[in-house]
Amino acid sequence: MIINQTIGNLTENPTEKNIDYLDLEWFETTKRIQRKRTRNGVDVAIKFLKEGQRLREGDILFEDAEKVIAVNVLETEAIVMIPGSLLEMGTVCYEIGNKHIPLFIQDDKVLLPFEMPMFRWLEASGFKPEKQSVKLLNLLKSNVEPHGHGSLGSTIFTKILKMAAPKDE
């Protein structure tokens, strides 16, 4: 079965039909093309996601008279933090974002996929991270363009130097 688009979401369109779930890891929700199998063994090929698009918990991929195929995002090990203030929220989000790690904001909590080095760094920095098994659903959309650091990319400083350099005639 080839899926080219979602046709709704279970939260907006509840159904009494049998629901066959397509289980996805959080990082699979942004894959543009993939082949998976539902819990009931239906082969599904997804071929529609554009850059920045993602599948969400409960997205309906197929519906007929008897059944619905919908997305289920699986739980995963995650670092969970409850910031004590806006300053702490901003600081922790900045530091995590600066390391280019996916960040999720859910129920006034900051979540990120579990990595022991990041967990230890957050503890050493005075935060109170917890390791929990959760569904990572609300990915914080970043508008940061791909870029390099140091000698990998051109910085604003090097651009200014080039503009200020004398022109050869």
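A quick note: this is a predicted structure, and the numbers were derived from the prediction, not measured.

Rules used in this analysis
Residues numbered from 1 in each chain as written. Predicted model: local features only at pLDDT ≥ 70, side-chain atom pairs only at ≥ 80, totals over all residues. Heavy atoms only, no water. Salt bridge = Lys/Arg side-chain N within 4 Å of Asp/Glu carboxyl O. Helix = DSSP H or I, 4+ residues; strand = E, 2+ residues; numbered from the N terminus. Buried < 20%, exposed > 50% of the residue type's maximum accessible area, 1.4 Å probe, protein only. Pairing = 2+ DSSP bridges. Axes fitted to C-alpha atoms, helices over the stretch in contact; angles between N-to-C directions. Arc of directions from axis to C-beta. Contact = heavy atoms within 4.5 Å. pLDDT = per-residue confidence, 0-100.

## Considering the pattern of salt bridges
By the definition in use, this model includes six salt bridges. For Asp 23, the salt bridge is made with Arg 39, and the minimal N-O distance between the two is 3.0 Å. Of this pair, Asp 23 sits in strand β2 (residues 18-24) while Arg 39 sits in the loop between β3 (33-37) and β4 (43-47), and the two are 16 residues apart along the sequence. Linking Lys 36 and Glu 28 is a salt bridge whose minimum nitrogen-to-oxygen distance equals 3.1 Å. Classification of Glu 28 as buried rests on a relative accessible area of 10%.

## Here we look at the sheet that holds strand β5 (residues 60-63)
Strand order in the open sheet formed by three strands is β2-β6-β5, with mixed pairing between adjacent strands. Of all strands in the sheet, those bounded by a partner on one side alone are β2 and β5. Averaged over all pairs of adjacent strands, the angle between their axes in this sheet comes to 25°, without regard to strand direction.

## Re the environment of Val 73
With respect to the helices, strands and loops of the structure, Val 73 is situated in strand β6 (residues 67-73). Residues Val 73 and Arg 56, spaced 17 residues apart in sequence, show a C-alpha to C-alpha distance of 7.6 Å.

## Comments concerning helix α2 (residues 116-124)
Of all the residues in α2, the buried ones are Met 118, Phe 119 and Leu 122. What you see down the axis of α2 is that its buried residues fit within an arc of 105°, all on one side. Residues Pro 117, Arg 120 and Ala 124 are exposed on α2 and point more than 90 degrees away from its buried face. Two residues or fewer past α2, Gly 126 is found with a positive phi of approximately 95°.

## Some details on the environment of Leu 140
Structurally, the position occupied by Leu 140 is in the loop between β10 (130-135) and α3 (156-164). A residue is classified by how much of its surface remains accessible, and Leu 140, at 44% relative accessible area, is partly exposed. Separated by 37 residues in the primary sequence, Leu 140 and Leu 103 place their C-alpha atoms 5.6 Å from one another. Here Leu 140 is in contact with Leu 103, Phe 104 and Ile 105, once residues within four sequence places are set aside.

## A word on the confidence of the model for the chain
Summing up the model confidence of the chain, the mean pLDDT is 83 and the portion of residues at 70 or higher is 80%. Across the chain, β10 holds the top mean pLDDT of 96, while α3 sits lowest at 58. Counting interchain partners and residues more than four positions distant, the pLDDT-below-50 stretch residues 143-148 has two contacts.

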